[in-house]
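Given next are the chains, with one letter for each unit.
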Amino acid sequence: MARTDTASPQGAPPGHATGEIVFRFACAAAATFLLAALAGVIISLFIGGLPAFREFGFGFLTSTTWNPVTEVYGAAGPIAGTLITAFLSLLIALPLALGVAVFLVEFCPARISGSIAIAVELLAGIPSIVYGMWGLFVLAPWFAAHVQMPIAMHVDPDTFLGKLLGGTPNGANIFTASLILAIMILPYMAAVFRELFLTVPPQVREAAYGLGCTPFEVIRAVVIPYVRRGMIGVVMLGLGRALGETMAVTFIIGNAHGFPHSLFDSGSTIASTVANEFAEATSDMHTSALIALGFLLFVITFVVLAFARLLLREAKV
Amino acid sequence: MMTRAARRRAQNGIFVVLCGIATVIALSALVMILWTLLSKGLGGVDTMIFTRDQPAPGSPGGLRNAIVGSLIMCSIGMAIALVIGILAGTWLAEYGAGTKYGQVVRFLNDVLISAPSILIGLFVYEMLVAPFHGFSGYAGGVALAFLATPIVVRTTEDILSLQPGALREAGMALGASRAFVIRKIIWKAARTGLLTAGLLGFARISGETAPLLFTSLGSQFYNADPSQPMASLPTTIFQFALSAYDDWQRLAWVGALLIAVAVLFINIVGRVLARETHRK
């Protein structure tokens, strides 16, 4: 675009150049406000968490004790819960999301494909609290009765499997929280995967078909290599969502402090701990420990999301 | 012994079936959730929901205070988000498009879109609630503004970038300043798109719960004064769903249905408008 913007042509109304400067300044200030907001979040969380970091030092990251009565706080439990649920949900959602995206782009008749894609995208917008209620009232009781109980009855609790799948069969545990997270990030990831696959030029695809490739071979040998970096971006984006998701997890994870002992054990995540305790925290150290947790979550998600965006930016999605 | 062609055909067949199964699993999980929402919520929708405030357990009541609180806080949030978001989006599309700084802002805005909302709640608590010793509807509205703004920015930038350069050139050829061209020509041509930007931002914040838990806190009384703690639909649902009372849980389902329907409706309207803009 020509850079003639600040030069006021002759005969322009008075105040013309001033208006231009004011408007341009307002726009730039608004853009800068976004940077300030992000910086503000990280600085305020760091300052708020500082008393807890000072008091507990590096032990804040490694200790599993979280006790508001004795004022001893360690974040290892919520950190483990956050990472385990996020990775587990990704493990479940990734193959499904890929399958949905491939199905929509390659196999489904165009007319139906468009409608399913829109439906999937709309579902990505449903508030997390709705998923949480479904998890608490439908998924958890079903899971307790039809998965946890049979396993508890038939698997020897002393074996490795028994230890991995032990726990009170009430349905509120790390695994069901991961299931809910998987259902929540699935439509979102499927939608971005679909956009990503649509960026593959049709000529490339048609050339492969012209050589006699089956659809499976086209996807494996042409489409996926073409968008590989972007695919990592989508995975990271899903991971970022799962790490920070709050309400649905708070409903269904069981909200137990400390390090989870098995997949079917109640636990907590950083976000669920903050959501549950922050408004009721009475001591300054409790509040500070929760904000320190928030700071850790911010650092983790920021790194993951920034990486995701970098990869997706290159893929132009 | 299979021939090579037969093996490839079989391999492909299995792949197609697996992709189909994935789609069926995904869609059925989502249909199940919507079905639960409808079957548990629809029966409870009556006029009392909109005319009565939240009840004590065991007595009849509605969600008026929560609905009004949500509307007020979302309005505050959207008012802030629209002003900042449209200006920032305009800067990205019109002034900062090719600059390094523009790239940085766009990148961080994309990161902000997916940032955990509960952290925005903590931030606003530190900024507005702790220093003034009070939870308030204003704090809740500001938290929502931080969540809606990045979406408005992104959509605004996309929409403005779609406007033909000839529009800008024509305006400037007549001697209008760049700011004048943007405000009177580009914004006007893109007004449906800007409306879409607002709707998408609104859809995002109307169901947000986590950032409101410790900014507006919630309130069991009807309250239209944002300087006081304020109820909202999502926080009321949270409280009622986790309560031990059947009638509170029923109200929670009604509330969840209301929010889900509202979010879906706003998203669909936004989408239809966006498609019309693209067609032009």
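Note that the structure is a prediction, hence the values are computed from the model and not measured.

Caption draft 1: Representation of the overall build of chain A. Each helix and strand in chain A was counted, giving 13 helices and two strands. Its C-alpha atoms put chain A at 85 × 65 × 35 Å along the principal axes. The burial tally for chain A puts 53% of its 317 residues in the buried class. Carbon and sulfur atoms form 68% of the exposed surface of chain A, whose accessible area is close to 13,500 Å². Of the side-chain charges in chain A, 14 are positive and 17 negative, and the distance between the mean point of each set is 14 Å.

Caption draft 2: The environment of B:Phe15, seen in detail. When you line up the elements, B:Phe15 lands in helix H1 (residues 4-41). Residue classification places B:Phe15 among the buried positions, given a relative accessible area of 17%. With sequence-adjacent residues up to four places away left out, B:Phe15 is seen in contact with A:Val102, A:Phe107, A:Phe216 and A:Ile219.

Caption draft 3: A look at the environment of B:Gly134. Mapped onto the secondary structure, B:Gly134 falls in the loop between helix H5 (117-132) and helix H6 (137-162). B:Gly134 has contacts with B:Leu128 and B:Val129, leaving out every residue within four places of it along the chain.

Caption draft 4: How the structure looks around the interface of chain B and chain A. At the interface, 85 residues of chain B touch 86 residues of chain A. Summing both partners gives a buried area of about 7,600 Å² for chain B against chain A, and 79% of it is carried by carbon and sulfur. Run the count over chain B and chain A and you get three salt bridges. For the side of chain B that touches chain A, the residue count by class is 58 nonpolar, 16 polar and 11 charged.

Caption draft 5: Here's a closer look at the packing of aromatic side chains. Going through the model one piece at a time under the given rule, you end up with 25 aromatic pairs over all chains. On the numbers, 5.6 Å between centres and 70 degrees between planes, the contact of B:Trp91 with B:Tyr101 is edge-to-face. Note that B:Trp91 is positioned in helix H3 (residues 64-95) and B:Tyr101 in helix H4 (residues 100-114), a separation of 10 residues in sequence. Pairwise contacts between aromatic rings join A:Phe46, A:Phe53, A:Phe56, A:Phe60, A:Trp66, A:Tyr73 and A:Phe295 into one cluster. Directly above the aromatic system of B:Tyr222 lies the positively charged group of B:Arg64, at a separation of 4.1 Å from the ring centroid. In this structure, B:Arg183 packs its charged tip against the face of A:Phe23, placed 5.5 Å from the ring centre.

Caption draft 6: Spotlight on the environment of B:Gln103. All names here are of chain B. Within the element layout of this structure, Gln103 appears in helix H4. Judged by its relative accessible area of 40%, Gln103 falls in the partly exposed class. Sequence spacing of Gln103 and Ile33 is 70 residues, and the spatial spacing of their C-alpha atoms is 39 Å.

Caption draft 7: How the structure looks around unusual backbone geometry. Located in the positive-phi region is A:Asn255, a residue other than glycine, with phi close to 50 degrees. The topology assignment puts A:Asn255 in the loop between helix H11 (247-252) and helix H12 (270-277).

Caption draft 8: Representation of the nonpolar core in the model. Ranked by internal contacts, the top residues of the largest apolar core, which has 184 residues, are A:Phe60, A:Tyr131, A:Phe193, A:Phe197 and B:Ile118. Considering each element in turn, this core owes the most residues, 17 residues, to H3(B). Excluding anything up to four places from it in sequence, A:Phe193 contacts A:Leu94, A:Ala97, A:Leu98, A:Ala101, A:Met231 and A:Val234.

Caption draft 9: View of the side chain of B:Gln54. Residue and element names in this part refer to chain B. Mapped onto the fold, Gln54 is located in the loop between helix H2 (47-51) and H3. What makes Gln54 buried here is its relative accessible area of 12%. Within the local environment of Gln54, its side chain forms a polar contact with the side chain of Asn65, the two groups lying 3.1 Å apart. Residues in contact with Gln54, not counting those within four places in the same chain, are Gly62, Asn65, Ser219, Gln220, Thr236, Gln239 and Phe240.

Caption draft 10: Representation of the confidence of the model for chain B. Residue and element names in this part refer to chain B. On average, residues of chain B score 90 in pLDDT, and 98% of them are at 70 or above. Confidence scores differ between elements of chain B, with H2 showing the lowest mean pLDDT of 86 and H3 the highest of 95. For this predicted complex, the interface score ipTM comes out at 0.90, while the overall pTM is 0.90.

Caption draft 11: Spotlight on H4(B). The end-to-end C-alpha distance of H4(B), which contains 15 residues, comes to 22 Å, matching closely the 21 Å that a straight helix rising 1.5 Å per residue would cover. Taken residue by residue, H4(B) has B:Gly102, B:Val105, B:Arg106, B:Phe107, B:Leu108, B:Asn109, B:Asp110, B:Val111, B:Leu112, B:Ile113 and B:Ser114 as its buried positions.

Caption draft 12: Summary view of a nonpolar patch on the surface. Residue and element names in this part refer to chain A. Together, Ile42, Ile43, Phe46, Ile47, Val299 and Val303 make up a nonpolar patch on the protein surface, roughly 500 Å² of accessible area in all. A per-element tally of the nonpolar patch places helix H1 (residues 16-56) first, with four residues. Along the polypeptide, Val303 turns up in helix H13 (residues 284-314). Accessibility expressed as a relative area gives 53% for Val303, which makes it exposed.

Caption draft 13: Just the side chain of B:Ser216, in detail. Assignment of secondary structure puts B:Ser216 in the loop between helix H10 (210-213) and helix H11 (233-241). When neighbours within four sequence positions are excluded, B:Ser216 is seen to be in contact with B:Met73, B:Phe135, B:Ser136, B:Gly137, B:Gly140, B:Pro229 and B:Met230.

Caption draft 14: A look at the packing of helix H5 (residues 128-154) of chain A against H11(B). H11(B) packs onto H5(A) with a crossing angle of 10 degrees between their chain directions and a minimal axis gap of 11 Å. In terms of orientation, H5(A) lies roughly parallel with respect to H11(B). Here A:Ile129, A:Met133, A:Leu136 and A:Phe137 of H5(A) lie close against H11(B), whose contacting residues are B:Pro234, B:Ile237, B:Phe238 and B:Ala241. Looking at the contact of H5(A) with H11(B) residue by residue, the class counts come to eight nonpolar, no polar and no charged.

What counts, and where the lines are drawn
Residues numbered from 1 in each chain as written. Chains lettered and ligands numbered in written order. Predicted model: local features only at pLDDT ≥ 70, side-chain atom pairs only at ≥ 80, totals over all residues. Heavy atoms only, no water. Helix = DSSP H or I, 4+ residues; strand = E, 2+ residues; numbered from the N terminus. Buried < 20%, exposed > 50% of the residue type's maximum accessible area, 1.4 Å probe, protein only. Areas by Shrake-Rupley, 256 points an atom, 1.4 Å probe, with all protein chains shown as cover. Lys, Arg positive; Asp, Glu negative; His and termini not counted. Charge placed at Lys NZ, Arg CZ, Asp CG, Glu CD. Contact = heavy atoms within 4.5 Å. Buried area = accessible area lost by both parts, 1.4 Å probe. Salt bridge = Lys/Arg side-chain N within 4 Å of Asp/Glu carboxyl O. Nonpolar A, V, L, I, M, F, W, Y, C, P; charged D, E, K, R; others polar. Phe/Tyr/Trp six-rings, centres within 6.5 Å; stacked < 30°, edge-to-face > 60°. Lys NZ or Arg CZ within 6 Å of the ring centre and 35° of its normal. Core = buried A, V, L, I, M, F, W, Y, C linked by side-chain atoms within 4.5 Å. Polar contact = N/O pair within 3.5 Å; in protein donor to acceptor, adjacent residues only side chain to side chain. pLDDT = per-residue confidence, 0-100. Expected span 1.5 Å × (residues − 1). Patch = residues over 30% accessible without salt bridge, like charges linked within 9 Å, V, L, I, M, F, W, Y side chains within 5 Å. Axes fitted to C-alpha atoms, helices over the stretch in contact; angles between N-to-C directions. Parallel < 35°, antiparallel > 145°, perpendicular 65-115°, else oblique.

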